[in-house]
Amino acid sequence: MLDSIKVGNFIMEKRKSLGLTQQQLADKLNVSFQAISKWENGD
């Protein structure tokens, strides 16, 4: 089973390495920035 904290950290690290804000990533994925925040926090 996937560890949601590890997945969230991976998403955050990749987003930051690409120089994207949560809003910019959300726009690319057609989701809300709140969804990105929840994913990064393991929710």
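Computed from a prediction, not measured in an experiment: that's the story for all the values here.

Conventions and cut-offs
- Residues numbered from 1 in each chain as written.
- Predicted model: local features only at pLDDT ≥ 70, side-chain atom pairs only at ≥ 80, totals over all residues.
- Heavy atoms only, no water.
- Helix = DSSP H or I, 4+ residues; strand = E, 2+ residues; numbered from the N terminus.
- Buried < 20%, exposed > 50% of the residue type's maximum accessible area, 1.4 Å probe, protein only.
- Areas by Shrake-Rupley, 256 points an atom, 1.4 Å probe, with all protein chains shown as cover.
- Lys, Arg positive; Asp, Glu negative; His and termini not counted.
- Charge placed at Lys NZ, Arg CZ, Asp CG, Glu CD.
- Contact = heavy atoms within 4.5 Å.
- Polar contact = N/O pair within 3.5 Å; in protein donor to acceptor, adjacent residues only side chain to side chain.

(A) Molecular detail of the overall build of the chain. Each helix and strand in the chain was counted, giving 3 helices and 0 strands. For the chain, the residues scored as buried account for 21% of the 43 residues in total. Put simply, the chain shows about 3400 Å² of open surface, and 57% of that area lies on carbon and sulfur atoms. The average position of the 6 basic charges and that of the 5 acidic charges among the side chains of the chain differ by 4 Å.

(B) Focus on unusual backbone geometry. In the Ramachandran plot, Asn30 falls in the positive-phi region, its phi being about 55° despite a non-glycine side chain. As for its position among the elements, Asn30 is in the loop between helix H2 (22-29) and helix H3 (33-40).

(C) View of the environment of Glu40. Residue position: Glu40 is located in helix H3. Considered as a pair, Glu40 and Arg15 are 25 residues apart in the sequence and their alpha carbons are 10.0 Å apart. If we ignore the near neighbours within four places in the chain, the residues touching Glu40 are Gly8, Asn9, Ile11, Met12, Arg15 and Gln22. At a separation of 2.5 Å, a polar atom in the side chain of Glu40 contacts the side chain of Arg15.

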